[in-house]
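Residue-level listing of the chains:
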Amino acid sequence: MLNLNGKNALVTGIANNRSIAWGIAQQLHEAGANLGVTYLPDDKGRFEKKVKELVDPLNPSLFLPCDVQNDAQIEELFTTIRDQWGRIDILIHCLAFAGKEELSGDFSNVSRAGFTRALDISAYSLVQLSAAAKPLMTQGGSIVTLTYLGGVRVIPNYNVMGIAKAALEMNVRYLAAELGPSGIRVNGISAGPIRTLASSAVGGILEMIHHVEEIAPLKRTVTQTEVGNAAAFLCSDLSSGITGQILYVDSGYCIMGM
Ligand SMILES: NC(=O)c1ccc[n+]([C@@H]2O[C@H](COP(=O)([O-])OP(=O)(O)OC[C@H]3O[C@@H](n4cnc5c(N)ncnc54)[C@H](O)[C@@H]3O)[C@@H](O)[C@H]2O)c1
């Protein structure tokens, strides 16, 4: 049985009720995990208020800001986790960012700054958060990140985010090799296209979804809950022999040649 009772799970990347991280948080809660939730701070505190209202019914025992470009904030986050939880068992990395101007048109138009920012926020952050979690995963643990097919194949308009996802997927393998001896597993979920705040910045996202509905074996795209269920599995003992893998939760789209 899938049981996360007694597990401390940190979930990053909830922006609103369409976020994949929200689907994951609900399934982890359902399975009995004690949740910590982070939000991206902004000057007017809009995300904080919105995310707090959304996650309140799941009774998170920690609710803290986390901008992965802010090293001091990450240090503070994990100091609080150490002080309040003592240890962490599950880390959900469910965040990415690239400028809208980088997510349409020619890939080669990407600026150095845009390239660096996309890879910093979307790929390096997994290394950074995993390194911070490692000493607190004293009873082993599970780290799960979110990726997309655009990291292994060319998808129109995905552009620099495809490069970031390729780096992210390789991070999964290097981290899995390093952390395995400490009983920490690291896996990625490659989700099919879902309408969210982040995906709406990608040019032609609706066409991508319609294409999946036409081509994928299941003739539909996936839901946040389905991704959440796969994440709960990867965080549980049911997947104890699985690490360094990318699990496709995409209605089977990636197997199709035509
Ligand atoms: N929606 C899709 O079609 C799809 C498909 C496959 C993979 N993914 C991946 O799923 C993950 C979640 O995206 P989503 O689609 O749920 O969109 P979303 O907009 O709901 O979530 C993206 C999150 O990234 C956070 N974020 C951005 N910059 C940050 C920073 N500097 N520090 C901390 N957090 C930051 C945002 O606050 C937001 O919560 C991303 O990695 C995305 O690439 C999405």
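Residues numbered from 1 in each chain as written. Predicted model: local features only at pLDDT ≥ 70, side-chain atom pairs only at ≥ 80, totals over all residues. Heavy atoms only, no water.

## Considerations on the overall build of the chain
Right, on to step 1. Along its length, the chain carries 7 helices and 7 strands.
Right, on to step 2. Going residue by residue from the N terminus, the α and β elements of the chain occur as β-α-β-α-β-α-β-α-β-α-β-α-α-β.
Right, on to step 3. Over its C-alpha trace the chain gives a radius of gyration of 17 Å, about what one expects of a compact globule, namely 18 Å for 258 residues.
Right, on to step 4. Counted over contacts in the chain with a minimum sequence separation of 6, partners at least 24 positions apart contribute 78%.
Right, on to step 5. For the chain, the exposed surface amounts to about 12100 Å²; the carbon and sulfur share of it is 54%.
Right, on to step 6. The positive charge centre, built from 20 side chains, and the negative charge centre, built from 24, are 2 Å apart in the chain. (Helix = DSSP H or I, 4+ residues; strand = E, 2+ residues; numbered from the N terminus. Rg over C-alpha atoms; globule rule 2.2 N^0.38 Å. Contact = heavy atoms within 4.5 Å. Areas by Shrake-Rupley, 256 points an atom, 1.4 Å probe, with all protein chains shown as cover. Lys, Arg positive; Asp, Glu negative; His and termini not counted. Charge placed at Lys NZ, Arg CZ, Asp CG, Glu CD.)

## Describing the site of the ligand
Right, on to step 1. In the vicinity of the ligand, 26 residues are found, and the nearest of them are G13, S19, K165, I194 and T196.
Right, on to step 2. In the model, an oxygen atom of the ligand is placed 2.6 Å from a nitrogen or oxygen of the S19 side chain.
Right, on to step 3. Between the ligand and I194 there is a distance of 2.7 Å, counted from an oxygen atom to a backbone nitrogen or oxygen.
Right, on to step 4. Within the complex, the protein chains bury 93% of what would otherwise be the 810 Å² of accessible surface of the ligand.
Right, on to step 5. Grouping the amino acids of the shell around the ligand by side-chain chemistry returns 18 nonpolar, 6 polar and 2 charged. (Near = heavy atom within 4 Å. Polar contact = N/O pair within 3.5 Å; in protein donor to acceptor, adjacent residues only side chain to side chain. Nonpolar A, V, L, I, M, F, W, Y, C, P; charged D, E, K, R; others polar.)

Read these as layout, nothing more, since geometry by itself doesn't imply function.
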